[in-house]
Amino acid sequence: GYLTFALPVNNAQHIFVKLLTAICCQAICLLTVILAAIIALSGEPLKEFLLMLTAGISEFYEDIGAVSFIAFVFDIIVIALLSVAGNMLLYYACITVGQTAKKNRILMAVGAYFIYYVATQVIFTVIVMIFKVLGMSGVFDGIVMWLDDHMILTMHLTMGVSIVIYA
């Protein structure tokens, strides 16, 4: 905290380095969890799990095709990176807001996070309520039938919307 603005870099470089470090730490944590799961499942349960996993992935690959499979893998990687980056940047934004207070900076940062969290929950709840009311009135019946007929495209669209929201 002391060195936050004592280094000879601009704010964008400072935040980028913090973000890059946080993403690397998250990746190391994920690899540690995967390694612990492999150790815990070692032996016959691991072989069974890997056989089920490869069978499921190959069946999914055969059902949707190579291009769609590659698109799904790309979408999942982008969503994962954006969600981790978004969460870390949210924490940095709240800390920055907290630093603007003259006293009780930590309390101000926690308060900023609380206000952000409540505001996003209220906004998304209102959006869901609007869509529920419209859905119960039958406005979306044609759209729902089309989405059911094009399930793979629907999944890609959903992931694309998620990428836009996270970005």
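See the structure shown above.
Summary of the structure given here.

Criteria and cut-off values
- Here the residue index of a chain counts from 1 through its sequence in written order.
- In keeping with the model being predicted, local features are shown solely for residues with a pLDDT of at least 70 and side-chain atom pairs are shown and tallied solely at 80 or more, while totals for entire chains, interfaces and linings include all residues.
- Hydrogens and water are ignored here; the side-chain numbers use all heavy atoms of the structure.
- A run of H or I in DSSP counts as a helix once it spans at least four residues, and a run of E counts as a strand once it spans at least two, with each numbered from the N terminus.
- C-alpha atoms define the radius of gyration in this analysis, and the globule rule sets the expected value at 2.2 Å times the number of residues to the power 0.38.
- Accessibility here uses a 1.4 Å probe with only protein chains present; expressed as a share of the type maximum, an area under 20% marks a residue as buried, one over 50% as exposed, and anything in between as partly exposed.
- Whether two residues are in contact is decided by their heavy atoms, any of which lying within 4.5 Å being enough.
- A positive count includes Lys and Arg, and a negative count includes Asp and Glu. His and the chain ends are not counted in either.
- Note that the charge is assigned to NZ on lysines, CZ on arginines, CG on aspartates and CD on glutamates.
- Where helices are involved, their axes are fitted lines through C-alpha atoms of the stretch in contact, as for all axes, and angles between N-to-C directions lie from 0 to 180°.
- If an angle is under 35 degrees, it is roughly parallel; if it is over 145, roughly antiparallel; if it lies from 65 to 115, roughly perpendicular; otherwise it is oblique.
- Handedness of each helix crossing follows the sense of rotation of the near helix against the far helix: counterclockwise by less than a right angle gives left-handed, clockwise gives right-handed.
- Think of a nonpolar core as a cluster: buried Ala, Val, Leu, Ile, Met, Phe, Trp, Tyr and Cys residues, connected wherever their side-chain atoms sit within 4.5 Å.
- Given a helix with a known number of residues, its expected span is that number minus one, times 1.5 Å.

**Some thoughts on the overall build of the chain**
Tallying secondary structure elements over the chain gives 6 helices and 0 strands in all. Reading the chain from its N terminus to its C terminus gives the helix and strand order α-α-α-α-α-α. The C-alpha radius of gyration computed for the chain amounts to 22 Å, which surpasses the reference 15 Å derived for 167 residues by more than 25%, pointing to a less compact arrangement than a globule. Principal-axis analysis of the C-alpha atoms gives the chain an extent of 60 × 55 × 30 Å. Taken over 167 residues, the chain has a buried fraction of 15%. Nonlocal contacts in the chain, meaning residues at least 24 apart in sequence, comprise 57% of its contacts between residues at least 6 apart. Charge centroids of the chain, computed over 6 positive and 9 negative side chains, lie 38 Å from each other.

**So, unusual backbone geometry**
Residues other than glycine seldom take positive phi values, yet N104 does so here, at roughly 55°. Assignment of secondary structure puts N104 in the loop between α3 (66-99) and α4 (105-136).

**Considerations on the packing of α3 against α4**
Packing of α3 against α4 leaves a shortest axis separation of 7 Å and a crossing angle of 130°. Between α3 and α4, the angle is such that the two are oblique. You can see that α3 and α4 cross each other, and the crossing is right-handed. Mapping the contact onto sequence places L90, Y91, C94, I95, V97, G98 and Q99 in α3 and R105, M108, A109, A112, Y113 and Y116 in α4.

**Describing the nonpolar core**
Counting residues in hydrophobic clusters, the biggest one holds 6 residues: I64, F69, F72, I79, M159 and I163. Those elements that place two or more of their residues in this core are α3 and α6 (151-166). The element best represented in this core is α3, accounting for 3 residues. If we skip the residues at most four places from it in the chain, I163 touches D75, V78, I79 and L82.

**Side note on α6**
For α6, which comprises 16 residues, the first-to-last C-alpha distance of 22 Å matches the rise-based estimate of 22 Å (1.5 Å per residue) to within 8%. Elements that come into contact with the buried residues of α6 comprise α3 and α5 (141-149).

**Focus: the side chain of H156**
The topology assignment puts H156 in helix α6. Here H156 falls in the buried class, since its relative accessible area comes to 18%. Beyond its immediate chain neighbours, meaning those up to four positions away, H156 contacts S68, A71, F72 and D75.

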